[in-house]
Amino acid sequence: MFTVKVPATTANMGPGFDCIGMALDLYNYITVETIPQGLEIIIKNPQDMQIPTDETNLIYKTIQHFYQLLGKKVPGLRLIQEDHIPCTRGLGSSAACIAAGLLIANYLLNTNYSKEQLAKMGAMIEGHPDNIVPAFLGGMVTAVLEKEELHYVKIPLPKQLSFALMVPDFPLATQEARQVIPKQISLQDGIYNASRTALLIASMMTGNTEHLRVAMKDRFHQPYRIPLVPEMEDIFKKALSIGAKGVFLSGAGPTLIAAIEEDTVFEQKMKPFLQQLSNRWNLTIINPSQQGAEILMN
Ligand code: HSE
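So, how was this worked out
- Residues numbered from 1 in each chain as written.
- Predicted model: local features only at pLDDT ≥ 70, side-chain atom pairs only at ≥ 80, totals over all residues.
- Heavy atoms only, no water.
- Near = heavy atom within 4 Å.
- Polar contact = N/O pair within 3.5 Å; in protein donor to acceptor, adjacent residues only side chain to side chain.
- Areas by Shrake-Rupley, 256 points an atom, 1.4 Å probe, with all protein chains shown as cover.
- Nonpolar A, V, L, I, M, F, W, Y, C, P; charged D, E, K, R; others polar.
- Domains from an automatic or database assignment.
- Pairing = 2+ DSSP bridges.
- Helix = DSSP H or I, 4+ residues; strand = E, 2+ residues; numbered from the N terminus.
- Axes fitted to C-alpha atoms, helices over the stretch in contact; angles between N-to-C directions.
- Disulfide = S-S within 2.5 Å.
- Buried < 20%, exposed > 50% of the residue type's maximum accessible area, 1.4 Å probe, protein only.
- Contact = heavy atoms within 4.5 Å.
- Parallel < 35°, antiparallel > 145°, perpendicular 65-115°, else oblique.
- Left-handed = near helix turned anticlockwise from the far one by under 90°.
- Buried area = accessible area lost by both parts, 1.4 Å probe.
- Salt bridge = Lys/Arg side-chain N within 4 Å of Asp/Glu carboxyl O.
- Core = buried A, V, L, I, M, F, W, Y, C linked by side-chain atoms within 4.5 Å.

K.L.:
Now, about the site of the ligand: what can you tell me, with residues and values included?
P.N.:
Taken together, Ala-11, Asn-12, Phe-17, Asp-18, His-128, Asp-130, Asn-131, Thr-174, Arg-178, Arg-225 and Ala-252 form the complete shell of residues around the ligand. Asn-131 is positioned such that a nitrogen or oxygen atom in its side chain is 3.4 Å from an oxygen atom of the ligand. Arg-225 is positioned with one of its side-chain polar atoms (N or O) 2.9 Å from an oxygen atom of the ligand. For the ligand, whose accessible area on its own is 260 Å², the fraction buried by protein is 95%. Among the residues forming the shell around the ligand, the class breakdown is 3 nonpolar, 4 polar and 4 charged. Counting contributing residues per domain, the shell around the ligand is built from domain 1 (2-155 + 289-297) and domain 2 (161-286), each supplying no fewer than three.

Structure representation (structure tokens):
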């Protein structure tokens, strides 16, 4: 018996659409046991969303995919899933399932693939690497998938930064949120995002947070997703007015994130503001996860 621990991730960090993500100190745990035959999936911490307990379960489907690639048959399995990452909230719950499935299969088959190799397999499954690569490697990561090669660099984060997650009570499916993005962008918007991506990476690497307000802005997806995330603009405005260094939509949304340095002050001022909005927003202040996905022996 063993347990896999996988972190939540935020993707599309600021202007880094489909390429910059960060692992967060919030985890799902999957305990795995081989059994004589069949599949048993036990969900320990059920959320509002129904998680499949049959062969359509994403963790199981990923295990199956790995076994098929190696021409092997999946053994009987009992999976006990303890979820803490909210589903369909833009916090990488699907990437966490894929990362878990790959780690489980790699361990059961004794294939000894490195986390980098597994991250690449995961990126191919997801189609973009900004959730899955930090899910495996931890920290803030910039990642590019080119011609089936994964290129990534881990970006050191300024120690004084933590992240305020504002998670609403309504879900948003990534597929729906992807459909609203135009297929083409203007040169102006390309320059807008490229310049801010450079500023974001340079700011993080030098520990200089004074430009994050500008460096975390985006024109590739956030403006188009505003109608899908009511109150996004008001929350961003408020967060910046009470000292947030920068703000961005987490992944495809609807979770919003503020990069902050003064946790208590931010929390004290933000909570009452969120409480008077029409949707329910849950505020949690969290650090990045430096470790990424791992196997814990029971
Ligand atoms: N980069 C992805 C998107 C993240 O915005 O669609 C969500 O998986």
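K.L.:
Quick one: what's the story with the sheet that holds strand 7 (residues 162-168), residue by residue and with numbers?
P.N.:
Strand order across the open sheet formed by 4 strands is 8-9-7-10, with antiparallel pairing between neighbours. Bordering the open sheet on either side are strand 8 (246-249) and strand 10 (281-286), each of which pairs with just one other strand. Strand-to-strand twist of the sheet, defined as the mean angle between neighbouring strand axes without regard to direction, takes the value 20°. Pairing of strand 8 with strand 9 (residues 256-260) involves 4 bridges; the strand directions are antiparallel.

K.L.:
Describe in detail the state of the cysteines, supporting the description with residues and values.
P.N.:
In protein structure, a disulfide is the covalent linkage between the sulfur atoms of two cysteines. This structure, assessed with the given rule, holds 0 disulfides. Cys-97 takes part in no disulfide bond, and the closest cysteine sulfur, belonging to Cys-87, lies 7.0 Å away.

K.L.:
Tell me about unusual backbone geometry, residues and numbers included.
P.N.:
Residue Pro-254 is bonded to the preceding Gly-253 through a cis peptide linkage, with omega at 10°. Here Asp-18, not a glycine, exhibits a phi torsion of approximately 65°, which is positive. Topologically, Asp-18 is positioned in the loop between strand 1 (2-10) and strand 2 (20-35). The phi angle at Asn-112 is positive, at roughly 55°, despite the residue not being glycine. By the secondary structure assignment, Asn-112 is in the loop between helix 2 (93-108) and helix 3 (115-126).

K.L.:
Explain the side chain of Thr-9 to me, using residue names and the numbers behind them.
P.N.:
Relative to the helices and strands, Thr-9 is located in strand 1. Among the residues examined, Thr-9 registers a relative accessible area of 0% and is labelled buried. Among the polar contacts made by the side chain of Thr-9, one reaches the side chain of Asn-131 at a distance of 2.9 Å. Beyond its immediate sequence surroundings of up to four residues, Thr-9 is in contact with Met-22, Ala-23, Leu-24, Gly-90, Leu-91, Gly-92, Asn-131, Pro-134 and Ala-135.

K.L.:
Explain the packing of helix 1 (residues 58-69) against helix 2 to me, and be specific about the residues and the numbers.
P.N.:
Between helix 1 and helix 2, the shortest axis-to-axis distance is 8 Å and the interhelical angle comes to 45°. With respect to helix 2, the element helix 1 is oriented oblique. Where helix 1 crosses over helix 2, the two elements pack in a sense that is right-handed. Each of Leu-58, Ile-59, Thr-62, Ile-63, Phe-66 and Tyr-67 in helix 1 lies in contact with helix 2, whose residues at this interface are Ser-94, Cys-97, Ile-98, Ala-100, Gly-101, Leu-102, Ile-104, Ala-105, Asn-106 and Leu-108. Looking at the contact of helix 1 with helix 2 residue by residue, the class counts come to 12 nonpolar, 4 polar and no charged.

K.L.:
Describe the domain arrangement of the protein, listing the residues and the values that go with them.
P.N.:
Entries for the protein in the domain assignment read domain 1 (2-155 + 289-297) and domain 2 (161-286). One C-alpha centre belongs to domain 1, the other to domain 2; they are set 24 Å apart. Each partner contributes residues to the interface: domain 1 has 23 residues there, and domain 2 has 34 residues. For the pair domain 1 and domain 2, the summed buried surface comes to about 2100 Å²; carbon and sulfur atoms form 70% of the total. The largest contributions to the domain 1 side of the interface with domain 2 come from Pro-15, Phe-17 and Arg-89, which together make up 32% of the buried area. At the boundary of domain 1 with domain 2, the tally comes to 1 salt bridge. At the boundary of domain 1 with domain 2, the tally comes to 12 residue pairs in polar contact (both at pLDDT 80 or more).

K.L.:
I'd love a proper account of the nonpolar core, names of residues and values included.
P.N.:
Grouped together as the largest cluster of nonpolar side chains are 62 residues, with contacts concentrated most on Met-13, Ile-63, Phe-136, Met-140, Phe-163 and Met-204. Per-element accounting of this core gives the leading share, 10 residues, to helix 2. Taken domain by domain, the makeup of this core includes at least three residues from each of domain 1 (2-155 + 289-297) and domain 2 (161-286). The contact partners of Met-204, leaving out residues within four places of it in the chain, are Met-13, Met-140, Ile-155, Pro-156, Leu-157, Pro-158, Leu-161, Leu-212 and Met-216. Among the nonpolar cores identified, the runner-up in size contains 27 residues, and Met-166, Ala-177, Phe-266 and Leu-277 belong to it.

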